[in-house]
Amino acid sequence: MRIDIQNLLKRIKPLSDGLILLVLMMVWPVCVMAVNYDNLIIQAEQNRLTNPAVFNDNLSILKAHENQLTQEQSCLFEYLKAYQLAYSGQYEQLNSDLELQLVTCQFPAIQARIYALMANTLVISGKFEASLVKLDASLRLVDAGLLDDYVIPFVYSAASIVYDAIDQPELSIKYAELTQENEPNDQNLCKANYFTYKQKVENLTVPINQQGIESTIKQCKDHNLSILSLFLNFYYLKHQVDAAYSNDFETAQILDELLALESQVEKTQYPNLQSFYWAMVAYIQEKLGNLTAAETAANTCLEMNQEFGDTEQKIIALEVKLQVALQRANEEAAYALLKERTESEQRRFNEKQAKLAAFMKVKHDNLAQSHEIAMLNQKNKLLEMEQVIAKQNESNQKLLLLLLCMLLAFFVLWIWRAQRRQIELKKLSESDHLTQVLNRQGLEGQVKMYLGVAEEQNQIVHMAILDLDHFKKINDIHGHLTGDWVLKNVVKACKKTLKNNMLMGRLGGEEFAVWLFDYSVKEAKNFFEEMRQAVAGLDCTDSGYDINITASFGLANSINSGFNITQLLRHADEALYQAKESGRNQVVVYQHDMA
């Protein structure tokens, strides 16, 4: 039987074509979907800071197909979901989730992203040392050459943000510039210029390049970096209001510019930015004398700021409410607001000290780790040499002994230098960098020790709070540099009067504490009167201005207040309030009827 091959092929061809089409219909959606997942992830990552609506839409689509993602895509998806927690301020949950991700995701490019995001959220939460540790981990992945050019800018950008948050402006600007060098585009140029101009607008004594900063604000806005654009715009508007050349007409124009930004601020859905915006509205409304509007905006700011702690905007809002209460002659509310603002400023100052201490500690730990690695390398080399020396004669053994002695000397030197560095760091953490007296932390540590001895030996302890009168006017009229000059020289004048068994430290702002141990009541009163006269007699012509400085003193002692540091501080503060109310420039001793 002959088989007609041509006829058979003609009959089979339709079947084969149908089979091929069926296979393509099954395979093609999978291929397309795989590409779409990658595109969705890239699009979500690009919109995570610029377009929250698109970002959330992308994540919703990915979540619907979560079981079809590869392991790497799944890791990136989990990392991106953490941003949703960041937007809502759930930093504890975010960092807990990301710690688990670090264990399960073994892709260096994703680990670097996770470390960078954790560094950002930890620094916002006030965990400065932990933030720097995570940042170092991401930078080590860069140094190890494990990241491609797409991921490195994520790390450098995070470094710029973290160093800006811990008051290291030079490092912040350096990493912003590295971001731009590594991936030159308009968005990274915006970030580099943002951190540069942010430092400049905070200094009222340096002229601002108006065209440059306005160009940066526009550039950031045009390239979907609305948060940076708005923050820089706020700083710039505040700079114009605080500048000496501003007047009510210009301030009113600035307020109009600010109010026009409200819809843009709401569109970001970023609570920290929104609270800062309302602080700025309150600040300018109070400058224009619109007290009700200022108070309403300040309350809005404080309500939004509850999750963010002692921020710059919180202190601005409290100051606005304080000024409103003073102008309304509401003394009780003004005193409560003054106390709340002072406590917030003190916590913020302590936070700055903590930032510096964390930075120095991590820097020191990295140095110690480098020394440890060097020591291990030395030991490894020594073991290799021992194997060679074991095969040589007696003369070579003397060389081994010499090397051991050198190693021991190096080890002793390293320990000595490490101890010296620890002592320097401790001294730095307990000193006020401007006035060179003890800061609050260092002062409390020493006072507690002295109080215990004084109580055991039944010695009288005196404690005074010194507050410079009308110091805010000096900053407002002559600038913060002149204010710093006054603080340093007031402390110099006071320190000349100090004797044995006396301690002086800065509580914050223009407030200082002076402690006397084992002095009589009369001796203490005479001493503080002498210190008051020393402040009043201070010659301020070297500051460039003719300024008269006076100080008010609130004095408490262990006879009335016991040996409890908190009680002594509270009673001294009440006496200080009486000194201020009674006309300032005087020493008032706490009496029980003040309570």
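Calculation notes
- Residues numbered from 1 in each chain as written.
- Predicted model: local features only at pLDDT ≥ 70, side-chain atom pairs only at ≥ 80, totals over all residues.
- Heavy atoms only, no water.
- Helix = DSSP H or I, 4+ residues; strand = E, 2+ residues; numbered from the N terminus.
- Buried < 20%, exposed > 50% of the residue type's maximum accessible area, 1.4 Å probe, protein only.
- Patch = residues over 30% accessible without salt bridge, like charges linked within 9 Å, V, L, I, M, F, W, Y side chains within 5 Å.
- Areas by Shrake-Rupley, 256 points an atom, 1.4 Å probe, with all protein chains shown as cover.
- Salt bridge = Lys/Arg side-chain N within 4 Å of Asp/Glu carboxyl O.
- Pairing = 2+ DSSP bridges.
- Axes fitted to C-alpha atoms, helices over the stretch in contact; angles between N-to-C directions.
- Expected span 1.5 Å × (residues − 1).
- Arc of directions from axis to C-beta.
- Contact = heavy atoms within 4.5 Å.
- Disulfide = S-S within 2.5 Å.
- Lys, Arg positive; Asp, Glu negative; His and termini not counted.
- Charge placed at Lys NZ, Arg CZ, Asp CG, Glu CD.

Enquirer: Could you give an account of the environment of Gly544, naming the residues involved and the relevant values?
Expert: Mapping Gly544 onto the fold places it in the loop between helix H22 (521-536) and strand E4 (551-557). Assessed through its relative accessible area of 56%, Gly544 is described here as exposed. Through-space distance from the C-alpha of Gly544 to that of Thr482 is 8.2 Å; in sequence the pair is 62 residues apart.

Enquirer: Can you explain a nonpolar patch on the surface? Please cite residues and give values.
Expert: Where nonpolar side chains cluster on the molecular surface, the patch consists of Leu399, Leu402 and Met406 and spans about 290 Å² of accessible area. Secondary-structure assignment places Leu399 in helix H18 (residues 394-429).

Enquirer: How would you summarise the sheet that holds strand E2 (residues 502-508) if you had to cite specific residues and measurements?
Expert: Read across the sheet, five strands follow the order E2-E3-E1-E4-E5 without closing on themselves; strand pairing throughout is mixed. Both outer strands of the open sheet, E2 and strand E5 (587-589), are each paired with one neighbouring strand and no more. Neighbour-to-neighbour, the strand axes of this sheet turn through a mean angle of 20°, independent of strand direction. Sheet topology note: the strand E1 (residues 461-468)/E4 ladder contains seven bridges and is antiparallel.

Enquirer: I'd love a proper account of helix H15 (residues 291-304), names of residues and values included.
Expert: Taking 1.5 Å of rise per residue, the 14 residues of H15 would be expected to cover 20 Å, and the 20 Å separating its terminal C-alpha atoms lies within 8% of that figure. Every buried residue of H15 is accounted for by Leu291, Ala294, Ala297, Ala298, Cys301 and Leu302. Along the axis of H15, the buried residues cluster in a sector spanning 135°; they form a single face. Exposed residues on H15 whose side chains face more than 90 degrees from its buried face are Thr292 and Glu303. Those residues of H15 that are buried are in contact with helix H14 (271-287) and helix H16 (312-327).

Enquirer: Report on the state of the cysteines, specifying residues and quantitative values.
Expert: Summed over the entire model, instances satisfying the criterion amount to two disulfides. Sulfur-sulfur distance for the disulfide between Cys75 and Cys105 comes to 2.0 Å. Across the S-S bond of Cys75 and Cys105 the torsion is about -105°, and the bridge reads as left-handed. Of this pair, Cys75 sits in helix H3 (residues 71-87) while Cys105 sits in the loop between helix H4 (91-104) and helix H5 (108-124); the two residues are 30 residues apart in sequence, bridging distant segments of the chain. Side by side, Cys75 and Cys105 carry an identical accessibility label, which is buried. The disulfide bridge from Cys190 ends at Cys220, spanning 1.8 Å between sulfur atoms. Note on the Cys190 and Cys220 pair: the S-S dihedral is about 105°, so by sign convention the disulfide is right-handed. In this pair, Cys190 sits in helix H9 (residues 186-201) while Cys220 sits in helix H10 (residues 210-222), placing the two residues 30 residues apart along the sequence. Residue classification places Cys190 among the buried positions, given a relative accessible area of 0%. Described in terms of the sequence order of its bonded cysteines, the disulfide pattern of the chain is 1-2, 3-4.

Enquirer: Residue-level account of unusual backbone geometry, with values.
Expert: The phi torsion at His470 lies on the positive side, around 55°, for a residue other than glycine. Assignment of secondary structure puts His470 in the loop between E1 and helix H20 (471-478). One non-glycine residue, Arg584, lies in the positive phi region at around 70°. With respect to the helices and strands, Arg584 occurs in the loop between helix H24 (565-581) and E5. On the basis of relative accessible area, Arg584 is assigned to the partly exposed category, the value being 31%.

Enquirer: Now, about the side chain of Asp432: what can you tell me, with residues and values included?
Expert: Within the secondary structure, Asp432 is located in the loop between H18 and helix H19 (440-456). In contact with Asp432, other than residues within four places in its own chain, are Phe349, Val437, Leu438, Asn439 and Arg506.

Enquirer: Which residues make up the pattern of salt bridges, and what values go with them?
Expert: In this structure the tally under the stated criterion is 17 salt bridges. In this structure, the salt-bridge partner of Glu345 is Arg341, at a minimum N-O distance of 3.7 Å. In this pair, Glu345 and Arg341 are both assigned in helix H17 (residues 331-389), four residues apart and thus about one turn of the helix distant. Judged by its relative accessible area of 36%, Glu345 is partly exposed.

Enquirer: Explain the environment of Arg341 to me, and be specific about the residues and the numbers.
Expert: Judged by its relative accessible area of 13%, Arg341 falls in the buried class. Note: C-alpha distance between Arg341 and Lys321 (20 residues apart in sequence) is 9.8 Å. Ignoring sequence-local partners within four residues, the contact set of Arg341 consists of Ile315, Leu318, Glu319 and Leu322.

Enquirer: I'd like a description of the pairing of strand E3 (residues 511-517), backed by residues and values.
Expert: Burial runs high along E3: seven of the seven residues are buried. Along E3, one buried face is formed by Glu511, Ala513, Trp515 and Phe517 and the opposite face, lined by Phe512, Val514 and Leu516, is buried too. Both E1 and E3 contribute to a ladder of seven bridges, which runs antiparallel. For Met463, the partnering residue across the bridge sits in E3 and is Trp515. Looking at chain direction, E2 and E3 are connected through six bridges and run antiparallel.

Enquirer: Could you give an account of the pairing of E1, naming the residues involved and the relevant values?
Expert: Counting buried residues along E1, eight of its eight residues qualify, which places the element largely inside the surrounding structure. Side chains of E1 alternate between two faces, with Val461, Met463, Ile465 and Asp467 and His462, Ala464, Leu466 and Leu468 buried alike.

Enquirer: Please set out a positive patch on the surface residue by residue, giving values where relevant.
Expert: Residues Lys488, Lys492, Lys495 and Lys496 make up a contiguous surface patch of positive charge. With respect to the helices, strands and loops of the structure, Lys496 is situated in the loop between helix H21 (480-495) and E2.

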